[in-house]
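# Structure at a glance
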Amino acid sequence: MGILITALALILGYGTAYVASEDVRYLTRAGIEQTAILEKRRPLEKLVADPKTPADTRAYLRLVLEVRAHAVALGLDAGKTYTTFSDVGRDTLLLVLSVSPRDCICPYTWKYPIVGRIPYKGFFDVGQARREADRLAARGYDIYLRPAAAFSTLGWFNDPLLSTALTRDSVELAALVFHEIAHNSLYVRSATPFNESFAQLVGYRAAEHFFRARGDSAAAQYAADRWHDEIVLGEYYDSLVGRLHQLYRSNPAPEALDAGRRAEAAWARAQLEGPIGSRLKTYRIGRLAERPVNNAQLVGARIYRTRLDLFDRWYQQNGRDVGRAVAELRELTADTEGDSALGRLARAVGDSLRMESDSGGTK
């Protein structure tokens, strides 16, 4: 009960500040939810061995344990991540808010201890998330509120596999486990796009390696194809953002701004329904092509797809060896922070950093 007692003491310590401060209420709710998640943990090995666990669930939990073992064999820092399982009792774990001005792809950021500035904020409380989104929308910002099924504490806690993340797609489940373990292995302060894009590389390339080692060539190829699609979508978002930067740099009047955004949305739709869509191997465009331009959505999408080509070239440069690529990248970025990590990676693979700066953010 130590964790629960700590959380209760934290709440009591806030006293009247809890009533007065939205930030304190946010942190308190996050602490309570994290405590509840940790209190519900059950060892995966026991669940796999328990005949009362449904057979299909047992198979996916066994896969998670096998992926963890493979991550360790690759030299990744698995720690205790995903050795336990926690049923959160609902379909959506939390909502994640991304925010950006309408005339600039400049992510609104929040500052936290240890990790630095982050271009999104996660809410366990749906009402609190919507209030914050409405408050910022009223100030003229683009806002994007989306559900998230998993999160990482970077090894600070024994992160359990959550019921919301237990996808029935074995490749995506394996990629998720490798992705979250990647965060334990390398994390650069105030460099969210770098960290998430790096974890995407590890997720899909390690999943490809894992399934190939098991003799499952179909699953291995699917993982490789999904990574290919992520790179294609990254290029698409880079192009769209570049076009929007040109529009915003002209400082258009409100009517011209709206017209320009509509024109770029039409261009984006034509790309997705034409050359980009034709290159995709696993993704279906669907309603993505119907979206209007929303800078906050673009911020959220690019967090996981920032210059993925650089990360893949680094992987190829390191002999297509995931463990070696991670270890060498950790050494390369050891003393970096923020955008400097991506710049150093670009130079290491013989590339200039061809991207508009949109990670400085606003507060």
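So, here is what we can say about the structure in this document. (Residues numbered from 1 in each chain as written. Predicted model: local features only at pLDDT ≥ 70, side-chain atom pairs only at ≥ 80, totals over all residues. Heavy atoms only, no water.)

Here we take up the environment of tyrosine 187. Within the secondary structure, tyrosine 187 is located in the loop between α7 (170-185) and α8 (192-213). Using a relative accessible area of 28% as the deciding quantity, one classes tyrosine 187 as partly exposed. Separated by 143 residues in sequence, tyrosine 187 and arginine 330 have C-alpha atoms that sit 8.3 Å apart. (Helix = DSSP H or I, 4+ residues; strand = E, 2+ residues; numbered from the N terminus. Buried < 20%, exposed > 50% of the residue type's maximum accessible area, 1.4 Å probe, protein only.)

This part covers empty space enclosed by the protein. Taken as a whole and assessed by the stated rule, the structure comprises three cavities of 30 Å³ or more. Roughly 160 Å³ of internal volume is contained in the largest cavity. Along its surface, the largest cavity is lined by 15 residues, and Tyr236, Leu240, Arg291, Pro292 and Leu298 are the ones closest to its centre. Those elements giving two or more residues to the lining of the largest cavity turn out to be α9 (217-249), α10 (254-273) and α12 (295-303). Here the element with the most residues in the lining of the largest cavity is α10; it accounts for four residues. When grouped by side-chain class, the residues that make up the lining of the largest cavity number 11 nonpolar, two polar and two charged. What lines the second largest cavity is Phe198, Leu201, Val202, Arg205, Trp314, Tyr315, Val322, Ala325, Val326 and Leu329. (1 Å grid on protein atoms, 1.4 Å probe; cavity = no way out; pocket = protein on both sides within 12 Å on 5 of 7 lines; lining within 4 Å. Points joined across faces, edges and corners; volume = space filled by probe spheres on them. Nonpolar A, V, L, I, M, F, W, Y, C, P; charged D, E, K, R; others polar.)

Strands sit in the order β1-β2-β8 across an open sheet of three strands; the sheet is mixed. Edge positions in the sheet fall to β1 (42-43) and β8 (161-162), since each of these pairs with one other strand and no more. When strand β2 (residues 84-86) meets β8, the two strands line up parallel, connected through two bridges. Bridging across to β8, phenylalanine 85 finds its partner in leucine 161. (Pairing = 2+ DSSP bridges.)

Further remarks concern the pattern of salt bridges. Scanning all chains against the criterion turns up 21 salt bridges. Note that aspartate 142 is salt-bridged to arginine 102, the shortest N-O span being 3.7 Å. A residue pair is termed long-range when its members are at least 10 positions apart, and aspartate 142 in strand β7 (residues 141-148) and arginine 102 in the loop between β3 (94-101) and β4 (110-112) qualify at 40 residues. Residue classification places aspartate 142 among the buried positions, given a relative accessible area of 7%. Owing to a relative accessible area of 28%, arginine 102 belongs among the partly exposed residues under this scheme. Residues glutamate 337 and arginine 189 are paired through a salt bridge, measuring 3.6 Å at the closest nitrogen-oxygen approach. Of this pair, glutamate 337 sits in the loop between α14 (322-332) and α15 (340-348) while arginine 189 is found in the loop between α7 and α8, placing the two residues 148 residues apart along the sequence. Judged by its relative accessible area of 45%, glutamate 337 is partly exposed. Because the salt bridges share partners, they merge into one network encompassing Arg205, Glu208, Arg212, Asp312 and Arg320. (Salt bridge = Lys/Arg side-chain N within 4 Å of Asp/Glu carboxyl O.)

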